[in-house]
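# Chain and residue survey
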Amino acid sequence: MDSSDPLFFNGINASTGAYLFPPVTAESLARELTGEPPPEDPRSDHLAELKDRVENKRTAHYGVKSGIDVKNLGQTGWAAVFPAYRPDTPEAKLQDEIAEALMPLFQLRREQATANDERLFKLYRGIDGYRPNETKQKYLARLGAGPGPADPIKVPYYLLIVAGPDELPYSVQFQLDVQYAVGRIHFDTVAAYADYARSVVAAETGGLQISRELALFGVANSDDPATRLSAENLVAPLADLLVPSLPDWKITRYEGAHATKANLARLLGGDATPALLFTASHGAGFDRGDARQRSHQGALLCQDWPGPVAWKKPLTPDFYYAGEDVQATA
């Protein structure tokens with residue numbers, strides 16, 4: 001394969017069975033990702049010069065301040081960030097229920113983070129929650145923190161956002177992630193939050209025993225160069241590399257004909273759940289307004305799909321594994 005060969009990297013349109021976007025070449029994709037104009041464009045040299053200047057004046061890496069072990073919650077701290085709602089509103093009542101459902105997780109994180117200092121665990125709710133249209137800088141300033149490396153005493157380094165993107169925008173999350181280690185959860189039901197908290201606590205306290213097994217799931221659909229290349233040049237070499245370097249682990253490969261939806265279901269909460277699962281396949285994308293978009297968007301397309309040549313119509317759920325296929329007990 002060379003830089004002029006077409007790449008189909010954006011998944012499959014589940015509503016039509018065709019690729020989500022037209023093919024691109026590796027060369028044009030690289031330019032798109034880096035924002036570089038074509039070599040013949042007069043802006044090219046100017047852009048390269050600007051990049052060199054930025055590289056030469058690069059500031060110190062943002063993150064937690066020097067001397068803190070990022071693997072130790074007793075040094076980094078931990079906090080949950082909620083949106084701010086007025087008391088006695090329906091939104092505040094729902095947030096109370098969500099916080100109660102997450103309490104087992106909060107109790108565990110409090111124990112881990114406050115071994116040396118009570119200030120290293122925070123629940124940012126109410127007046128300390130994120131307010132609508134607040135910038136990252138204004139929100140951190142209100143909490144007593146500023147730019148530069150994170151000081152966990154002021155704001156803990158690990159932040160869990162408990163909100164949807166309409167309540168706390170992704171843009172603010174990305175900006176926070178420059179200094180902090182940021183994650184997000186957002187579920188449709190209070191019960192789902194409780195399931196999440198229970199699973200995390202069980203996994204970390206020994207209540208959930210998972211064998212030291214790594215499963216590699218590599219789809220190679222018929223007449224589809226993208227999945228064939230990922231199976232041959234990513235999944236297979238990765239397995240060959242890891243087998244000798246992880247002698248204490250069982251490494252199982254599900255490739256080609258074995259990369260089926262049924263096998264993926266067994267790996268994701270069934271009777272063969274490994275400690276780590278690596279998948280390589282197309283994702284399924286749905287047109288706006290499609291009734292399946294919310295529940296199936298981003299589903300993993302398995303070997304069951306006949307491929308783009310043999311199948312030129314909407315995908316069926318038999319071909320892919322969607323979020324709603326994951327059982328609550330997984």
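Residues numbered from 1 in each chain as written. Predicted model: local features only at pLDDT ≥ 70, side-chain atom pairs only at ≥ 80, totals over all residues. Heavy atoms only, no water.

What follows deals with the nonpolar core. Grouped together as the largest cluster of nonpolar side chains are 21 residues, with contacts concentrated most on Val-81, Tyr-124, Val-155, Leu-159, Leu-168 and Tyr-180. Broken down by secondary-structure element, the contributors of at least two residues to this core are strand 4 (78-81), helix 6 (136-143), strand 6 (158-162) and helix 7 (170-176). In terms of residue count, helix 6 provides more of this core than any other element does, 3 residues in total. For Tyr-124, the contacting residues outside a window of four places in its chain are Ala-79, Ala-80, Val-81, Phe-82, Gly-129, Tyr-139, Leu-143, Lys-154, Val-155 and Pro-156. (Core = buried A, V, L, I, M, F, W, Y, C linked by side-chain atoms within 4.5 Å. Buried < 20%, exposed > 50% of the residue type's maximum accessible area, 1.4 Å probe, protein only. Helix = DSSP H or I, 4+ residues; strand = E, 2+ residues; numbered from the N terminus. Contact = heavy atoms within 4.5 Å.)

The next subject is the sheet that holds strand 2 (residues 12-13). Taken together, 4 strands build an open sheet; the order of strands is 2-11-12-13 and the sheet is mixed. Because the sheet does not close on itself, it has two edges, and the strands there are strand 2 and strand 13 (320-321). (Pairing = 2+ DSSP bridges.)

So, about the environment of Lys-313. Counting through the fold element by element, Lys-313 comes out in the loop between strand 12 (299-301) and strand 13. Between the C-alpha atoms of Lys-313 and Thr-16, which are 297 residues apart in sequence, the distance is 5.0 Å. Other than its neighbours up to four places away in sequence, Lys-313 contacts Thr-16 and Gly-17.

As a further point, take unusual backbone geometry. Backbone geometry places Asn-133, a non-glycine residue, at a positive phi of 70 degrees. Looking at the element boundaries, Asn-133 is found in the loop between strand 5 (121-124) and helix 6. Of note, the phi angle at Asp-223 is positive, near 55 degrees, even though the residue is not glycine.

For the rest of this paragraph, the subject is the pairing of strand 8 (residues 213-218). Of all 6 residues that make up strand 8, 6 are buried, and the element is covered over most of its length. Where strand 8 and strand 9 (residues 250-255) come together, 6 bridges link them in parallel fashion. Counterpart to Leu-214 in the pairing with strand 9 is Ile-251. At this point the chain moves from strand 8, through helix 9 (residues 225-245), to the parallel strand 9, and the crossover so formed is right-handed. (Right-handed = clockwise from strand over helix to strand, strands pointing away.)

Taken in spatial order, the 4 strands make up an open sheet running 5-4-6-7, and their pairing is parallel. In this open sheet, the two edge strands, each paired with only one partner strand, are strand 5 and strand 7 (181-185). Averaged over all pairs of adjacent strands, the angle between strand axes in this sheet comes to 15 degrees, irrespective of strand direction. Of the strand pairs in this sheet, strand 4 and strand 5 are connected by 4 bridges, and their pairing is parallel. What sits directly across from Ala-80, in strand 5, is Leu-123. Against the sheet, helix 5 (residues 103-113) contacts strand 4, strand 5 and strand 6, and its axis sits at roughly 145 degrees relative to strand 5. (Axes fitted to C-alpha atoms, helices over the stretch in contact; angles between N-to-C directions.)

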